[in-house]
Amino acid sequence: MRIGVIGLGYIGLPTAIMFASSGHDVIGLDIRKDVVESINSGNSHIIEPEINERLRKVIKEERLKATTRPEELRGLDAYIICVQTPLLGNKPDLSYVENAIRTVAEIIDRGALVIIESTVPPGTTVRMAKLLEDLTGMREGIDFYVAHAPERVMPGRIFKELVYNSRIIGGVSKKAGKLAENLYRSFVRGEIFITDATTAEMVKLMENTFRDVNIALANEFALLAMQYGVNVFEAIKLANTHPRVRIHLPGIGVGGHCLPKDPYLLLSSAERDFGLIRRARKINEGMPKFVAELLFEALEEAGVKIEDSVVAVLGLSYKGGTDDTRNSPALKFVEIIKDIVREVRTYDPYVGGTHPSVEEAVTGADALVIATDHLEFKGLDWDYLGSKMRTRVLVDGRGIIETPPKGFTFRGVGRGDV
Ligand SMILES: NC(=O)c1ccc[n+]([C@@H]2O[C@H](COP(=O)([O-])OP(=O)(O)OC[C@H]3O[C@@H](n4cnc5c(N)ncnc54)[C@H](O)[C@@H]3O)[C@@H](O)[C@H]2O)c1
């Protein structure tokens, strides 16, 4: 088939590559010229294992090309929309999806399938199908077909998960669901479940809300454990030996493009909500500030004036193993402390613009704060790094340190035992 992928970011580019490597002819559209240029030259603008090799192969075989010109996508068999769906305040900004639909309306031919992969509030896909009907004068289910196929992949494992995850597909019409299923069957080896579009939207949002609420619960356990003198990580490990309990891990907060916004997307179309989801969000949003308080407490205990302190922050991305800093709690933490301490230095092996090495970042610093659980941080020689520091304060925002190194003033989220 000839497939157009609209929006070539963390989701769109790997999806375009997968369709291209399963034998389809794919044209990717993005409004960003730099993104299109780097893709066409075989260099992915996102960091993901295997992506460059896979991209170069399909570019060389002429199965994939990228463009900024919608006309080049005229009359294709299917359009897959993978644009961002961020929040504006606490409300979803659906302008990117709407613009993508407006673009499709200009170039769509009879018989085409339009799939929204972007995560959207319940009711959006049906509304977008209606918008496409209004703009084209054609009818969904007769002249064109619209389905929602939410994406479940995790950055860092995208190419495996695209193939092996099961998928939920929601058709606006029955035929749309069937057509979308056939299309994804080109590479999906997991199960494909068909439902209606609004159910599919809600399923995706429930999945991420489940995770967000459970992380908030783990964070609340961490805050309680600190009052009871308990190491919450040990307590969670023990609680999880119960056959029906699986407590998540606490930390400095929740970030990325999805988890902080999807609970609000879930609530946004509802006339009324019942508090739990919103409260959980607030707990997670408060964690960077809590870690800042731990830092200030530790600095004071170590006899360092907060306003004179130099703080080295390890990790800026929202979680380990990725360069993605969107909604990163590490960035929020830096934002909170930067006008309070004398100097903030950052080091992240995946993110540009930070110090070139941990050693350089910590030399002469008073405190070291672990803000991202990059694997690279787990094996660090704390004694050696401590020897480079002016004062030895260590704050673990990610629970990566089991036994606090000797000679440090140590604080950690959930570490009531130290
Ligand atoms: N990143 C993830 O891990 C993940 C996982 C599951 C679901 N999702 C969902 O997938 C969607 C995309 O997320 P992402 O992380 O890939 O976003 P992204 O910001 O990385 O990529 C979106 C791309 O779309 C482009 N774009 C915006 N409007 C356009 C338009 N009208 N025409 C052409 N291109 C346009 C942007 O320039 C950008 O390159 C979101 O709804 C997100 O919630 C993301």
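Residues numbered from 1 in each chain as written. Predicted model: local features only at pLDDT ≥ 70, side-chain atom pairs only at ≥ 80, totals over all residues. Heavy atoms only, no water.

Chemist: Would you take a moment to explain the overall build of the chain for this structure?
Modeler: If you tally the helices and strands in the chain, you get 15 helices and 15 strands. Radius of gyration (C-alpha) of the chain: 24 Å, near the 22 Å computed for a compact globule of 418 residues. Its C-alpha atoms give the chain principal-axis dimensions of about 70 × 50 × 40 Å. Here the chain, with 418 residues, has 54% of them falling under the buried criterion. As displayed, the chain offers around 18800 Å² of accessible surface, 52% of which is attributable to carbon and sulfur atoms. (Helix = DSSP H or I, 4+ residues; strand = E, 2+ residues; numbered from the N terminus. Rg over C-alpha atoms; globule rule 2.2 N^0.38 Å. Buried < 20%, exposed > 50% of the residue type's maximum accessible area, 1.4 Å probe, protein only. Areas by Shrake-Rupley, 256 points an atom, 1.4 Å probe, with all protein chains shown as cover.)

Chemist: When you look at the packing of helix α4 (residues 95-107) against helix α5 (residues 124-136) in this model, what are you seeing that I'm missing?
Modeler: Describing two packed helices takes the angle between their axes plus the distance from one axis to the other. Where α4 meets α5, the axes come as close as 9 Å, and the angle between the chain directions of the two elements is 35°. Seen from above, α4 lies across α5 with right-handed handedness. Touching Val97, Glu98, Ile101, Arg102, Val104 and Ala105 of α4 are Met128, Leu131, Leu132, Leu135 and Thr136, all from α5. Residue classes in the contact of α4 with α5 are distributed as eight nonpolar, one polar and two charged. (Axes fitted to C-alpha atoms, helices over the stretch in contact; angles between N-to-C directions. Left-handed = near helix turned anticlockwise from the far one by under 90°. Contact = heavy atoms within 4.5 Å. Nonpolar A, V, L, I, M, F, W, Y, C, P; charged D, E, K, R; others polar.)

Chemist: Is there a simple way to think about the domain arrangement of the chain in this case?
Modeler: When the parts of a complex come together, some accessible area is lost, and that lost area is often used as the size of the interface. Under the domain assignment used here, the chain contains domain 1 (2-190) and domain 2 (279-412). Relative placement of domain 1 and domain 2: their C-alpha centres are 38 Å apart. A combined buried area of about 550 Å² lies between domain 1 and domain 2, and 46% of that area is made up of carbon and sulfur atoms. On the surface where domain 1 and domain 2 come into contact, there are one residue pair in polar contact (both at pLDDT 80 or more). Of the residues contributing to the side of domain 1 that touches domain 2, the split by class is four nonpolar, one polar and no charged. (Domains from an automatic or database assignment. Buried area = accessible area lost by both parts, 1.4 Å probe. Polar contact = N/O pair within 3.5 Å; in protein donor to acceptor, adjacent residues only side chain to side chain.)

Chemist: I would appreciate a short explanation of the site of the ligand in the present structure.
Modeler: The environment of the ligand is formed by 27 residues, the closest being Ile11, Asp30, Thr85, Thr119 and Lys261. Residue Arg326 places a side-chain N or O atom 2.9 Å away from an oxygen atom belonging to the ligand. At three residues, the largest contribution of residues to the shell around the ligand is made by α4. Per-class residue counts for the shell around the ligand are 13 nonpolar, eight polar and six charged. (Near = heavy atom within 4 Å.)

Chemist: Is there a simple way to think about the side chain of Thr346 in this case?
Modeler: With respect to the helices, strands and loops of the structure, Thr346 is situated in strand β12 (residues 343-347). Overall, Thr346 belongs to the buried group, its relative accessible area being 14%. Setting aside residues no more than four positions away along its own chain, Thr346 makes contact with Val313, Leu316, Val334, Thr354, His355 and Ala361.

Chemist: Could you clarify how one ought to interpret the packing of helix α1 (residues 12-21) against helix α3 (residues 51-60) in this entry?
Modeler: Relative to each other, α1 and α3 sit at 50°, their axes nearing to 10 Å. Accordingly, the angle class assigned to the pair α1 and α3 is oblique. The way α1 lies across α3 gives a crossing that is left-handed. Taken together, the residues of α3 that come into contact with α1 (itself represented by Leu13, Pro14, Ile17, Met18, Ala20 and Ser21) are Ile51, Arg54, Leu55 and Val58. Broken down by class, the residue content of the contact of α1 with α3 amounts to eight nonpolar, one polar and one charged. (Parallel < 35°, antiparallel > 145°, perpendicular 65-115°, else oblique.)

Chemist: Where do I start with the layout of surface pockets in this structure?
Modeler: Computed from the structure, the second largest pocket encloses a volume of approximately 270 Å³. What lines the second largest pocket is a set of 17 residues, among which Val254, Pro260, Arg281, Glu285 and Asn327 lie closest to the centre. Among the secondary structure elements, those contributing two or more residues to the lining of the second largest pocket are α11 (276-301) and α12 (329-337). Residues of the lining of the second largest pocket, tallied by class, amount to seven nonpolar, six polar and four charged. Residue-level mapping places the lining of the second largest pocket at the junction of two domains, with at least three residues from each of domain 1 (2-190) and domain 2 (279-412). (1 Å grid on protein atoms, 1.4 Å probe; cavity = no way out; pocket = protein on both sides within 12 Å on 5 of 7 lines; lining within 4 Å. Points joined across faces, edges and corners; volume = space filled by probe spheres on them.)

Chemist: Which parts of the structure should I look at to understand the packing of aromatic side chains?
Modeler: The way to describe two aromatic rings as a pair is by their centre distance and the angle between their planes. For the structure shown, the criterion picks out four aromatic pairs. With centroids separated by 6.4 Å and ring planes inclined at 75°, the aromatic side chains of Tyr184 and Phe187 adopt a geometry described as edge-to-face. Aromatic pair Tyr347 and Phe377: ring centres 6.3 Å apart, planes at 50°, arrangement tilted. With a gap of 30 residues between them, Tyr347 in strand β12 and Phe377 in helix α14 (residues 375-378) connect regions that are remote in the sequence. In this pair, the class of Tyr347 matches that of Phe377, namely buried. An aromatic cluster of at least three residues, connected via ring pairs, comprises Phe19, Tyr184 and Phe187. (Phe/Tyr/Trp six-rings, centres within 6.5 Å; stacked < 30°, edge-to-face > 60°.)

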